[in-house]
Amino acid sequence: MFEEIKQLNEDTRVQDKLREAMIKQMEIGYQEMGALNLEIANEWYNVENQAETINENNWKCEW
(Lines give C-alpha, C1' and ligand atoms only; values in the text may rest on other atoms or scores of the structure.)
Protein backbone atom coordinates (compact mmCIF):
# COMPACT_ATOMS: atom_id res chain seq x y z
CA MET A 1 0.00 0.00 0.00
CA PHE A 2 2.78 2.40 0.95
CA GLU A 3 4.60 1.72 -2.32
CA GLU A 4 1.44 2.41 -4.32
CA ILE A 5 0.96 5.73 -2.55
CA LYS A 6 4.64 6.56 -3.10
CA GLN A 7 4.31 5.81 -6.82
CA LEU A 8 1.20 7.98 -7.10
CA ASN A 9 2.99 10.76 -5.25
CA GLU A 10 5.86 10.64 -7.75
CA ASP A 11 3.58 10.46 -10.81
CA THR A 12 3.67 13.83 -12.59
CA ARG A 13 0.16 13.34 -13.96
CA VAL A 14 -1.20 13.03 -10.43
CA GLN A 15 0.82 16.06 -9.36
CA ASP A 16 -0.57 18.06 -12.29
CA LYS A 17 -4.16 17.06 -11.45
CA LEU A 18 -3.64 17.98 -7.80
CA ARG A 19 -2.14 21.33 -8.81
CA GLU A 20 -5.07 22.04 -11.15
CA ALA A 21 -7.58 21.16 -8.41
CA MET A 22 -5.79 23.41 -5.92
CA ILE A 23 -5.73 26.32 -8.40
CA LYS A 24 -9.43 25.85 -9.12
CA GLN A 25 -10.24 25.87 -5.40
CA MET A 26 -8.16 29.01 -4.91
CA GLU A 27 -9.96 30.68 -7.82
CA ILE A 28 -13.34 29.87 -6.29
CA GLY A 29 -12.15 31.15 -2.91
CA TYR A 30 -10.92 34.44 -4.37
CA GLN A 31 -14.21 34.92 -6.23
CA GLU A 32 -16.15 34.36 -3.01
CA MET A 33 -13.88 36.77 -1.14
CA GLY A 34 -14.34 39.38 -3.85
CA ALA A 35 -18.12 39.05 -3.69
CA LEU A 36 -18.05 39.40 0.11
CA ASN A 37 -15.78 42.44 -0.07
CA LEU A 38 -18.11 44.07 -2.60
CA GLU A 39 -21.12 43.37 -0.39
CA ILE A 40 -19.36 44.81 2.67
CA ALA A 41 -18.27 47.90 0.73
CA ASN A 42 -21.80 48.50 -0.53
CA GLU A 43 -23.27 48.11 2.96
CA TRP A 44 -20.66 50.45 4.41
CA TYR A 45 -21.42 53.02 1.70
CA ASN A 46 -25.15 52.83 2.54
CA VAL A 47 -24.53 53.19 6.28
CA GLU A 48 -22.22 56.14 5.68
CA ASN A 49 -24.84 57.85 3.50
CA GLN A 50 -27.54 57.30 6.13
CA ALA A 51 -25.30 58.72 8.85
CA GLU A 52 -24.54 61.76 6.72
CA THR A 53 -28.24 62.33 6.06
CA ILE A 54 -29.07 62.07 9.77
CA ASN A 55 -26.25 64.45 10.61
CA GLU A 56 -27.40 67.00 8.03
CA ASN A 57 -31.00 66.78 9.31
CA ASN A 58 -29.79 67.36 12.86
CA TRP A 59 -27.94 70.49 11.77
CA LYS A 60 -31.06 71.72 10.03
CA CYS A 61 -33.19 70.75 13.05
CA GLU A 62 -35.25 68.44 10.85
CA TRP A 63 -36.02 65.16 12.47
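Refer to the preceding data block for the structure.
Conventions and cut-offs
- Residues numbered from 1 in each chain as written.
- Predicted model: local features only at pLDDT ≥ 70, side-chain atom pairs only at ≥ 80, totals over all residues.
- Heavy atoms only, no water.
- Salt bridge = Lys/Arg side-chain N within 4 Å of Asp/Glu carboxyl O.
- Helix = DSSP H or I, 4+ residues; strand = E, 2+ residues; numbered from the N terminus.
- Buried < 20%, exposed > 50% of the residue type's maximum accessible area, 1.4 Å probe, protein only.
- Patch = residues over 30% accessible without salt bridge, like charges linked within 9 Å, V, L, I, M, F, W, Y side chains within 5 Å.
- Areas by Shrake-Rupley, 256 points an atom, 1.4 Å probe, with all protein chains shown as cover.

A.B. asks: Tell me about the pattern of salt bridges, and please be specific about residues and values.
C.D. replies: Applying the stated rule across the entire model yields one salt bridge. Arg-19 is paired through a salt bridge with Asp-16; the nearest N and O atoms lie 3.0 Å apart. Of this pair, Arg-19 and Asp-16 both sit in helix H2 (residues 12-59), three residues apart, which is roughly one turn of the helix. The partly exposed category is assigned to Asp-16, whose relative accessible area is 37%.

A.B. asks: Help me get a handle on a nonpolar patch on the surface, residues and values and all.
C.D. replies: Residues Met-22, Ile-23, Met-26, Tyr-30 and Met-33 make up a contiguous nonpolar surface patch of roughly 540 Å² in combined accessible area. Secondary-structure assignment places Met-26 in helix H2. You can call Met-26 partly exposed: its relative accessible area is 40%.

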